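Report on the structure
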Amino acid sequence: MLSARSRIAVVGGGPGGLYFAALAKQLDPQRDITVWERNPPDETFGFGVVFSDETLGGIEHADPAIHRALEAEFARWDDIDVHCPGGEVITSGGHGFAAIGRVRLLRILADHCVESGVRVRHGAEAPPADELAATHDLVVAADGRNSAIRTKHADTFRPSYETRRCRYMWLGTDKVFDAFTFVVRETPHGVMQVHAYPYDKTGSTLIVEMHDDVWRRAGYESPDLAPGENDEPAIARCAEIFADVLSGHRLRGKHSRWINFTTVRCETWRHDNVVLLGDAAHTAHFSIGSGTKLAMEDALALAACLSEQPTLDTALDAYETERRPVVLSTQRAAQASLEWFENLGQYTSQEPEQFAFNILTRSRRVTYDNLWLRDPEFAERMDHWYARHEVARGVVDGPPVVRPPMFHPFQLRELTLKNRVIVSPMDMYSSEDGVPNDFHLVHLGSKALGGAGLVMTEMVCVSPTGRITPGCGGLYTDGQQAAWARIADFTHTHTTAKIGMQLGHSGRKGSTKLMWEGMDEPLPSGNWEVVGPSPLPYSPVNAAPRELTRADLAEIRSQFADAARRADAAGYDLLELHCAHGYLLSSFLSPLTNQRADAYGGSLEHRLRFPLEVFDTIRAVWPSGKPMSVRISATDWHPGGVDADDAVRIARAFADHGADAIDVSTGQVVSEERPAYGRSYQTPYADRIRQEIPDIAVIAVGAISSYDDVNSLLLAGRADLCALGRTHLYDPQWTLHAAAEQGFVGPETEPFAAWPVQFQAGSRRPAAGRADGPKPRLELIRSPSTSTRHQRWRPDGM
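Owing to the predicted nature of the structure, the values given are computational and were not obtained by experimental measurement.

Details of the pattern of salt bridges
Scanning the model with the defined rule gives 45 salt bridges in all. Across the salt bridge formed by R165 and E342, the nearest N and O atoms sit 3.2 Å from each other. In this pair, R165 sits in strand β10 (residues 159-173) while E342 sits in helix α12 (residues 312-342), placing the two residues 177 residues apart along the sequence. The class for E342 is buried, based on a relative accessible area of 6%. One salt bridge connects D213 with R216, and the closest N-O pair in it is separated by 3.6 Å. Of the two residues, D213 and R216 both sit in helix α8 (residues 212-217), three residues apart, roughly one turn of that helix. Assessed through its relative accessible area of 40%, D213 is described here as partly exposed. Residues joined by salt bridges that share partners form a network here, namely E162, R164, R165, R265 and E342.

Pasting the structure below:
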């Protein structure tokens, strides 16, 4: 705890700095606190500030007086209007926004500071950072995204800056919108968009944004403007382009010019007695309205930690420990949102309903279930639309029937999957000489009994030296074929699931220990030769692979063909070719692992040659009525490797050769990778492939853990099917439980969520603490918003 009469310097008089100063003074009136703000009181960037209910709740608890002052002036609304490409407007209600003019917010906070005894020095540059640190017990750097203090101590803070690919301009208008408004406009230059929201009874914030490429094609420029000067020609042109949105109202600027958003991240937020707060420490894209929210939440946490902790060191550590996970989560959501807007052009062909749902769920914080709570009429409309849409595009036999999205069937060639859930391939490392055993029967059989539409085997290897570990399954002997057939027979006899086999070759990642003995570590003895496109080891401790000759390639093609014939004879319904995760075919695709100088290396077209030859060889012997999928790594997570652009080209190549589905994973190609893990972190790659190659089914995989995630991904059009791995290890009956939790039970659910007859008594077991079983969704939702604007969206019956 800072001692009585401690001196605190706050550099930056934005919402975060002022709110911290007010709270810190309130918690200890003896503190000597000064705020330096170089701009005059009414000179600020932007027009309005949006708050969430969560943030407002924290403000109310910490300082009821400030909350009352803000509450008296908030503009409040519930609806989001989406002006879709083509002009249709779709509204979703129940979202609950509160906004206030930025100048008014700063005035309220500054007045509160002065009333509390804080010195607020507007129009004054703060003394140098070193001088402040020497003369004050604590220096709070709240000096914004271009923080001079962060730059001064960059060696300690270790900031990174990621400049994004859209240009935007922050503007104001005297038009008062009655909803948070997204306008998406297709122009001769490309797609432009507006984000607009009211902040009081006199005006609204309006942000114009477009991709860099669109900005250049439109002929915009970055003129040499004086500090504070507006780009008036650009403002006039924006007013012209969006004249119908403005309805005759003015568009005005305030320090308004074209800028690219930069995401700021810091390795640490403190340097001795100097601490970063708000945009000085971190930024998050404006499309989720988080900048001021994060700054004020930082202020609240820092003030509390200074009063709760025994020393300044422990207080600053506690502050960062508390706030960093929240900030990282918000930055991940903001990253998803900004990337969605960067790629906005790929969604403009979606039907209006799907486009609206997509924009609402872009950050993954608003989801299908969440929309059922906020606006059940909108969510119900989406369910009806999806049922019609899936019949119309031929993946579901008609007539359309409304059900949770994940329980719609899906057609691949002559194979019908009863729902959209796949048990992802997961290596079990429990075979003996490549032969699966009772463990595999129970493992895969339990998942088939658990309700998934498709159960995939682990990667089944096409040769003894194509195994990853001694415990990996194979399909190159009659004994192995018989053992795999036993599993397929069980699945077809006792369940309504389909079963697929994934075929692969370990390549340079072979001859390693079982996963729990040391993942990717070489065997201590009994090693076999590993092979690859080039003699590059996976890591310094792994053996260098022998570079494959043309004769070797021909032999491996033959091994894949033989395994495919055996998979068909064993009764498997679908075959997946494993071209991901750094195994043999994946290592041909990546320039990081394929440095051949012949026809199988060099350009992506050449690197694709061998994987496509293997695919063609398999497709020629695999029955024409049975589908084939291909798993790819859509990024290597390493500079110079496969990226999202390459992934689209790879997927298109396999589609052109007859693949029915692309299973989109990422990484595991090089040991030095730097993945950006997070919820559903691989789905943007699946999304892009699905938008650019609409004629092939796309399987999303990776950190998808809830039925809400699955429903949201399907409804938004980001995937056709969802593969879940660890989720099914935790709960083999996950799909059946998902159906029950959504109220999708009873005879009408057959066969989409079919409980085995032996289990049916459990399908209606009352939930703990309740006298009856799961209720239909509409009985579980809370009352919708009092807003009536969205009621016009009550869907028509079918």
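Observations regarding the packing of aromatic side chains
The description of two aromatic rings rests on the distance between their centres and on the angle between their planes. Taken as a whole and judged by the stated rule, the model has 24 aromatic pairs. A centroid spacing of 6.0 Å and a plane angle of 35 degrees characterise the contact between F182 and F341, whose relative ring orientation is tilted. Separated by 159 residues along the polypeptide, F182 in strand β11 (residues 180-187) and F341 in helix α12 bring together distant segments of the chain. Residue classification places F341 among the buried residues on the basis of a relative accessible area of 2%. Ring geometry for F407 and F744: centres 5.0 Å apart, planes at 25 degrees, overall stacked. Note that F407 is positioned in the loop between α15 (376-392) and β18 (410-412) and F744 in the loop between α26 (734-741) and α27 (760-763), a separation of 337 residues in sequence. In this structure, F407 and F744 share a single accessibility class: buried. An aromatic cluster is built from W77, F97, F180, F182, Y197, W340, F341, Y347 and F355, whose rings are joined through pairwise contacts. We note R167 situated over the ring of W215; from NZ or CZ to the ring centre the distance is 3.8 Å.

Considerations on the side chain of K418
Relative to the elements of secondary structure, K418 occurs in the loop between β19 (415-417) and β20 (421-423). With no salt bridge to any partner, buried K418 finds its closest opposite charge in E750, at an N-O distance of 7.5 Å. Here the side chain of K418 touches T496 through a polar contact of 2.6 Å, side chain to side chain.

A look at empty space enclosed by the protein
In total, this model carries four cavities of 30 Å³ or more according to the counting rule given. The volume enclosed by the largest cavity comes to roughly 70 Å³. Along the wall of the largest cavity there are 14 residues; nearest its centre are I422, L454, M456, E576 and I699. Looking at the lining of the largest cavity, the elements with two or more residues in it are β21 (454-461), β25 (574-579), β27 (661-665) and β29 (721-724). The residue makeup of the lining of the largest cavity, split by class, is 11 nonpolar, one polar and two charged. Considering only enclosed or pocket space, the second largest cavity measures out at about 60 Å³ in volume. Along the walls of the second largest cavity sit Y429, I468, T469, T512, K513, L514, M515, M519, D520 and Y583, which together make up its complete lining. In terms of residue class, the lining of the second largest cavity is made up of six nonpolar, two polar and two charged.

With respect to the environment of D143
Inspection of the secondary structure assignment puts D143 in the loop between β9 (138-141) and α6 (148-152). If we ignore the near neighbours within four places in the chain, the residues touching D143 are V11, G12, A148, I149 and A280. At 2.7 Å, the side chain of D143 and the side chain of S147 are in polar contact. One polar contact links the side chain of D143 to the main-chain amide nitrogen of I149, over a distance of 3.3 Å.

Focus: the sheet that holds strand β17 (residues 274-276)
Spatial strand order, β8-β2-β1-β9-β17-β16: six strands in an open sheet with mixed pairing. This sheet does not close on itself; its edge strands, each paired only once, are β8 (119-122) and β16 (270-271). The pairing of β16 with β17 spans two bridges and is classified as antiparallel. Looking at β17, one finds that H271 is bridged to V274. Most of the contacts of helix α1 (residues 15-27) go to strand β2 (residues 32-37), to which it runs at about 170 degrees, and overall it touches β1 (7-11), β2, β8 and β9.

What counts and what doesn't
Residues numbered from 1 in each chain as written. Predicted model: local features only at pLDDT ≥ 70, side-chain atom pairs only at ≥ 80, totals over all residues. Heavy atoms only, no water. Salt bridge = Lys/Arg side-chain N within 4 Å of Asp/Glu carboxyl O. Helix = DSSP H or I, 4+ residues; strand = E, 2+ residues; numbered from the N terminus. Buried < 20%, exposed > 50% of the residue type's maximum accessible area, 1.4 Å probe, protein only. Phe/Tyr/Trp six-rings, centres within 6.5 Å; stacked < 30°, edge-to-face > 60°. Lys NZ or Arg CZ within 6 Å of the ring centre and 35° of its normal. Lys, Arg positive; Asp, Glu negative; His and termini not counted. Polar contact = N/O pair within 3.5 Å; in protein donor to acceptor, adjacent residues only side chain to side chain. 1 Å grid on protein atoms, 1.4 Å probe; cavity = no way out; pocket = protein on both sides within 12 Å on 5 of 7 lines; lining within 4 Å. Points joined across faces, edges and corners; volume = space filled by probe spheres on them. Nonpolar A, V, L, I, M, F, W, Y, C, P; charged D, E, K, R; others polar. Contact = heavy atoms within 4.5 Å. Pairing = 2+ DSSP bridges. Axes fitted to C-alpha atoms, helices over the stretch in contact; angles between N-to-C directions.

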